[in-house]
Amino acid sequence: MERLCEADFPDIRENYGIIRENIDKAMALANRRDEVRIMAVTKTVPPERVNFAVELGVKLLGENRVQEYLEKRDSYAKAEVHFIGGLQTNKVKYIIDKVSMIHSVDSVRLAEEIDRRAAQHGRIMDILAEINIGEEETKGGISAEKAKDFCGEISRFENVRLRGLMTIPPAGCGEEVFARMQELFETIKASQNGGLFDMLSMGMSGDYQAAVKYGATIVRIGSALFGQRKYAIH
Ligand SMILES: *Cc1c(COP(=O)(O)O)cnc(C)c1O
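Think of each chain on its own: its residues are numbered from 1, step by step along the sequence as written. Local features in a predicted model are, by the rule used here, given only for residues with pLDDT of at least 70; side-chain atom pairs are given and counted only at 80 or more, and totals for whole chains, interfaces and linings are based on all residues. Only heavy atoms go into the side-chain values, all of them from the structure, while hydrogens and water stay out.

S.K.: Could you give an account of the site of the ligand, with specific residues and numbers?
M.R.: Neighbouring residues of the ligand: 13 residues in total, closest K43, N64, S205, S223 and R229. Separating an oxygen atom of the ligand from a side-chain N or O atom of K43 is a distance of 2.6 Å. A distance of 2.9 Å separates a nitrogen atom of the ligand from a polar side-chain atom of R220. Here the Shrake-Rupley method, with its probe set to 1.4 Å, supplies the accessible areas, and only the displayed protein chains count as covering residues. Protein coverage of the free-state accessible area of the ligand, which is 390 Å², stands at 94%. Of the residues assigned to the shell around the ligand, the class counts are 5 nonpolar, 5 polar and 3 charged. To be near a molecule or strand, a residue needs just one of its heavy atoms within 4 Å of it. The definition of a polar contact used here is a pair of N or O atoms within 3.5 Å, where within protein one atom must be able to donate a hydrogen and the other to accept one, and adjacent residues in sequence count solely through side-chain atom pairs. Following the grouping adopted for this structure description, the nonpolar residues are Ala, Val, Leu, Ile, Met, Phe, Trp, Tyr, Cys and Pro, the charged ones are Asp, Glu, Lys and Arg, and the polar ones are all others, Gly among them.

Spelled out as structure tokens, the structure:
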């Protein structure tokens, strides 16, 4: 295999092996035969380290901040990129042609702006509805109670395609939140007559095995892959 970079990062190599093993185990325990995608969450991580993960086989990157992504993307190896951070409507135009999915759609206004910008680029943008499953006041996302109506509303835009749900559960709150997300996902999927509703983005460094148990199709992993961040941002 052609080397993308000279550097070797044994920590990332080891971490990636552990993560894959843990996911395989969780899949087997849950009797799942479908697939889980591992997203490498790149916030604060230098491009050389991101590229090493890509070289190891990571095919999907998760970006939190528009500015940081725009600064780093020219240095990235080829990989699919999803936007997963809080997104202001006035920033949509900077990323609309640079990502293949937006996980953090939490208002009709944001979906409307994504629709408008996607139309300008002659494309259809895949999106996920962000659910605030822990009902935390400090977090973005739609409450579980309003989720179905919200999904109905944002499904009507022509240039966005609602593919599923995403959540960032409260820290250390156990498996029930994932079980609740799975239930919500299945309910809404059943109400999306015929649409492609197949993505459940949940599980981070501390809880991805539990998320896999409850049907996650994308796990978003930062620190368990790249190491502890010096400062915490979401
Ligand atoms: C930072 C972040 C992650 C990854 O967090 P870790 O705990 O480092 O794995 C996942 N999703 C979102 C939205 C994030 O901001």
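S.K.: Run through the packing of aromatic side chains, naming residues and quoting values.
M.R.: For this analysis, a ring pair means two rings from Phe, Tyr or Trp (six-membered ring only for Trp) whose centres lie within 6.5 Å, classed as stacked if their planes differ by under 30 degrees, edge-to-face if by over 60, and tilted for the remaining angles. Inspection of the entire model under this criterion finds 3 aromatic pairs. With a centroid separation of 5.6 Å and 75° between ring planes, the pair formed by F9 and F52 is classed as edge-to-face. Highlighted residues: F9 in the segment before helix 1 (10-29) and F52 in helix 2 (residues 47-56), separated in sequence by 43 residues. Across the pair, F52 and F9 agree in class, each one buried. We count a charge as sitting over a ring when the NZ of a lysine or the CZ of an arginine lies within 6 Å of the ring centre and within 35 degrees of the ring normal. The ring of F157 is capped by R156, whose NZ or CZ atom sits 4.7 Å from the centre of that ring. Helical segments are the DSSP runs of H or I of at least four residues, strand segments are the runs of E of at least two, and each set is numbered from the N terminus. Only protein chains enter the accessibility calculation, which uses a 1.4 Å probe; a residue is then buried when its area is under 20% of its type maximum, exposed when over 50%, and partly exposed in between.

S.K.: Lay out helix 2 in plain terms, naming residues and giving numbers.
M.R.: Along an α-helix, a turn takes 3.6 residues, which lines up residues three or four apart on a common side. Within helix 2, 8 of the 10 residues are buried, leaving the element largely enclosed by the surrounding structure. Where helix 2 is buried, its residues meet helix 1, strand 2 (60-63), helix 3 (66-72) and helix 9 (223-226). One or two residues past the end of helix 2 sits G57, with phi positive at roughly 130°. Only heavy atoms matter for contacts: two residues are in contact if any of them lie within 4.5 Å across the pair.

S.K.: Talk me through the side chain of S104; I want residue IDs and the actual numbers.
M.R.: Mapped onto the elements, S104 comes out in strand 4 (residues 101-105). A residue is classified by how much of its surface remains accessible, and S104, at 1% relative accessible area, is buried. From its side chain, S104 meets the backbone oxygen of G85 in a polar contact 2.6 Å long. With residues near it in sequence (within four places) discarded, S104 still touches F83, I84, G85, L110, L128 and E130.

S.K.: Tell me what's going on with the side chain of D126, and back it up with residues and numbers.
M.R.: As for its position among the elements, D126 is in strand 5 (residues 125-131). Within the structure, the side chain of D126 is placed 2.9 Å from the side chain of R163, a separation counted as a polar contact. Each residue touching D126, except ones within four places of it in the same chain, is listed here: S100, M101, I102, R161 and R163.

S.K.: Lay out the nonpolar core with the relevant residues and their values.
M.R.: The nonpolar core is taken to be a set of buried Ala, Val, Leu, Ile, Met, Phe, Trp, Tyr and Cys residues, with the residues joined through side-chain atoms within 4.5 Å. With 67 residues, the main nonpolar core has I102, I114, I127, I154, L165, V219 and L225 as its most contacted residues. Beyond its immediate chain neighbours, meaning those up to four positions away, I102 contacts F83, L87, I95, I114, M125, D126, I127 and L128. The next biggest cluster of nonpolar side chains, apart from the first, holds 10 residues, and it includes M39, L128, M166 and M199.

S.K.: Requested: an account of helix 1, with residues and values cited.
M.R.: The end-to-end C-alpha separation of helix 1 is 29 Å, in line with the 28 Å expected for 20 residues at 1.5 Å each. Buried residues in helix 1 make contact with strand 1 (37-41), helix 2, helix 8 (208-213), strand 8 (218-221) and helix 9. The span one expects for a helix is its residue count, reduced by one, times 1.5 Å.

S.K.: An account of the packing of helix 1 against helix 2 is needed here, citing residue identities and associated values.
M.R.: Orientation of helix 1 relative to helix 2, taken along the N-to-C sense of each, is 45°, at an axis distance of 10 Å. Classified by the angle between their axes, helix 1 and helix 2 sit oblique to one another. With respect to the hand of their crossing, helix 1 and helix 2 are arranged in right-handed fashion. Along its contact with helix 1, which presents D11, I12, R13 and Y16, the element helix 2 presents R49, F52, A53 and L56. Angles shown run from 0 to 180 degrees and are taken between the N-to-C directions of axes, each axis being a line fitted to C-alpha atoms and, for helices, limited to the stretch in contact. Throughout, the term roughly parallel applies to angles under 35 degrees, roughly antiparallel to angles over 145, roughly perpendicular to angles from 65 to 115, and oblique to all others. Note on convention: near helix rotated counterclockwise from far helix by under a right angle means a left-handed crossing. Clockwise means right-handed.

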